[in-house]
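Architecture and fold: a report
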Amino acid sequence: MSLRTPLRRVLGAGSAKEGVQHWWQQRLTAVALLPLTVWFVVSLLALPSLDHATVTAWMRGSWTALLLILLVLVATWHSQLGVRVVVEDYVPAPGARTVTLTLLSFLHALLAAAGVFAVLKVALGAGA
Amino acid sequence: MPARPLSPHLSVYKMSRYSLVTSILNRFAGVALSAGLLLLVYWLMSVAAGAGTQARAAQLLSLPVMKLVYGTCIAAFCYHFVAGIRHLVWDTGRGLERSQSQRSAYLVVAVSIALTLLLAYCAFVLKGHAS
């Protein structure tokens, strides 16, 4: 007995090769976040204070800005992937699920864009 | 809702308490950190908006109740970090024997509690950043 549908056989199509995409991206982002989050926590703790002058001077460093942008992008991506699974597990009604997933996707896109924008604004000197 | 078993198939597994607790804690911690992202981006935006805005945001961020929020974020981060490493090790096919996973469960809890205490001490006592 084949598990392939008749339509699949007629079309001669194999798997979409995307079955592990979500799983793999979750792992990739997890591995990337290990050094990124350690760097972020250690850097914050190493700052003498969190006042505006200190933080902006820190964020103007090229490496700082670059790593902060990576942190924001990878963390929001990882968060989006994880929260999606939670919603898929606990929100069974199709309508509510789609609406929740859509809102969460938009929220994560907004967070990613806002975070990158904020870092660039400070790093490129527009935020005095 | 269809009248058939739906994922997560919690009822089909015979799970002992340690695996249930470490698993659901990892999920709670992940969701808490997702909420923490809001805080991070809010802080970055306030810095980018200038000294005045950041000073006003800092008033909000230094409310006494925020200590609880930072404490939760620190604990969630430490747990998710250590438990995540356990998952990555599992992904290589190692440590899946019952005795091994039981040992690693206790190890994860112990290490994440120690890390949480260390980070909380650094943030609240040494630096007073969060105060």
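Everything here concerns the structure above.
Owing to the predicted nature of the structure, the values given are computational and were not obtained by experimental measurement.

Turning next to the side chain of Thr116(B). Among the structural elements, Thr116(B) can be located in helix α4 (residues 98-126). Ignoring anything within four residues of it in the chain, the contact list for Thr116(B) reads Ile74(B), Ala75(B) and Cys78(B).

Further remarks concern the nonpolar core. With 32 residues, the main nonpolar core has Trp58(A), Met59(A), Leu68(A), Trp43(B) and Leu44(B) as its most contacted residues. Secondary-structure elements contributing two or more residues to this core are α2 (21-46), α3 (52-59), α4 (62-90) and α5 (94-123) of chain A together with α1 (17-48) and α3 (64-91) of chain B. Per-element tally for this core: the top contributor is α4(A), with 8 residues. When neighbours within four sequence positions are excluded, Trp43(B) is seen to be in contact with Leu44(A), Leu50(A), Val55(A), Trp58(A), Gln54(B) and Leu61(B).

What follows covers the packing of α3(A) against α1(B). For any two helices packed against each other, one specifies the inter-axial angle together with the distance between the axes. In the contact formed by α3(A) and α1(B), the axes pass within 10 Å of each other and the chain directions differ by 100°. Considering the angle they form, α3(A) stands roughly perpendicular to α1(B). Contacts from His52(A), Val55(A), Thr56(A), Trp58(A) and Met59(A) of α3(A) reach α1(B) at Trp43(B), Leu44(B) and Val47(B). Residues that form the contact of α3(A) with α1(B) fall into these classes: 6 nonpolar, 2 polar and no charged.

Another point: the interface of chain B and chain A. The interface of chain B with chain A comprises 31 residues on the first partner and 45 residues on the second. The contact between chain B and chain A buries some 3000 Å² in all, and 75% of this surface belongs to carbon and sulfur atoms. Our count for the chain B to chain A interface comes out at 2 salt bridges. Notably, a salt bridge pairs Asp89(A) with Arg27(B), separated by 2.8 Å at the nearest N-O pair. Going through the elements one at a time, α1, α2 (51-61), α3 and α4 of chain B are the ones with two or more residues in the side of chain B that touches chain A. If you tally residues by element for the side of chain B that touches chain A, the top one is α1(B), at 13 residues. Residue classes in the side of chain B that touches chain A are distributed as 22 nonpolar, 6 polar and 3 charged.

Once that is clear, we can look at α5(A). With 30 residues, α5(A) extends 43 Å between its outermost C-alpha atoms, agreeing within 8% with the 44 Å of an ideal straight helix rising 1.5 Å per residue. What α5(A) keeps buried is the set Leu101(A), His108(A), Leu111(A), Ala112(A), Ala114(A), Gly115(A), Val116(A), Ala118(A), Val119(A) and Val122(A). Buried residues belonging to α5(A) abut α3 and α4 of chain A together with α1 of chain B. At the C-terminal side of α5(A), Gly125(A) shows a positive phi close to 90°.

For the rest of this paragraph, the subject is a nonpolar patch on the surface. On the surface, Tyr90(A), Val12(B), Tyr13(B), Met15(B), Leu20(B), Val21(B), Ile24(B), Leu25(B) and Phe28(B) cluster together into a nonpolar patch covering about 850 Å² of accessible area. Counting residues per element, the nonpolar patch draws most heavily on α1(B), at 5 residues. Its location among the elements puts Ile24(B) in helix α1.

The next thing to look at is the environment of Thr72(B). All names here are of chain B. Among the structural elements, threonine 72 can be located in helix α3. By relative accessible area, which is 43% here, threonine 72 ends up partly exposed. Between the C-alpha atoms of threonine 72 and alanine 29, which are 43 residues apart in sequence, the distance is 8.8 Å.

Calculation rules
- For every chain, the first residue of the written sequence is number 1, and numbering continues from 1 onward in sequence order.
- In the order they appear in the text, chains get letters beginning with A and ligands get numbers beginning with 1.
- In keeping with the model being predicted, local features are shown solely for residues with a pLDDT of at least 70 and side-chain atom pairs are shown and tallied solely at 80 or more, while totals for entire chains, interfaces and linings include all residues.
- Just so you know, side-chain values use all the structure's heavy atoms and leave hydrogens and water out.
- Think of it this way: any DSSP run of H or I at least four residues long counts as a helix, any run of E at least two long counts as a strand, and we number them from the N terminus.
- Residue contacts are defined here by distance: any two heavy atoms, one from each residue, within 4.5 Å place the two residues in contact.
- Among the buried residues, those of types Ala, Val, Leu, Ile, Met, Phe, Trp, Tyr and Cys that are joined through side-chain atoms within 4.5 Å form a nonpolar core.
- Between buried and exposed lies partly exposed: a residue is buried under 20% and exposed over 50% of the maximum accessible area for its type, with that area taken using a 1.4 Å probe on protein chains only.
- Here an angle of 0 to 180 degrees is reported between the N-to-C directions of two axes, which are lines fitted to C-alpha atoms, with helices fitted over the stretch in contact.
- In this scheme, roughly parallel covers angles under 35 degrees and roughly antiparallel covers those over 145, while 65 to 115 is roughly perpendicular and the rest are oblique.
- Each residue gets one label: Ala, Val, Leu, Ile, Met, Phe, Trp, Tyr, Cys and Pro are nonpolar, Asp, Glu, Lys and Arg are charged, and the others, such as Gly, are polar.
- Note on definitions: buried area is the accessible-area loss of two parts on being combined, 1.4 Å probe, summed for both.
- Any carboxyl oxygen of Asp or Glu within 4 Å of a side-chain nitrogen of Lys or Arg constitutes a salt bridge here.
- To estimate how far a helix should extend, the number of its residues minus one is multiplied by 1.5 Å.
- Nonpolar side chains (Val, Leu, Ile, Met, Phe, Trp, Tyr) are joined into patches within 5 Å and like charges within 9 Å, using only residues with over 30% relative accessible area and no salt bridge.
- To measure how exposed things are, a 1.4 Å probe is used in the Shrake-Rupley method; for residues, cover is taken only from the protein chains shown.

Distances and angles like these do not, on their own, reveal function.
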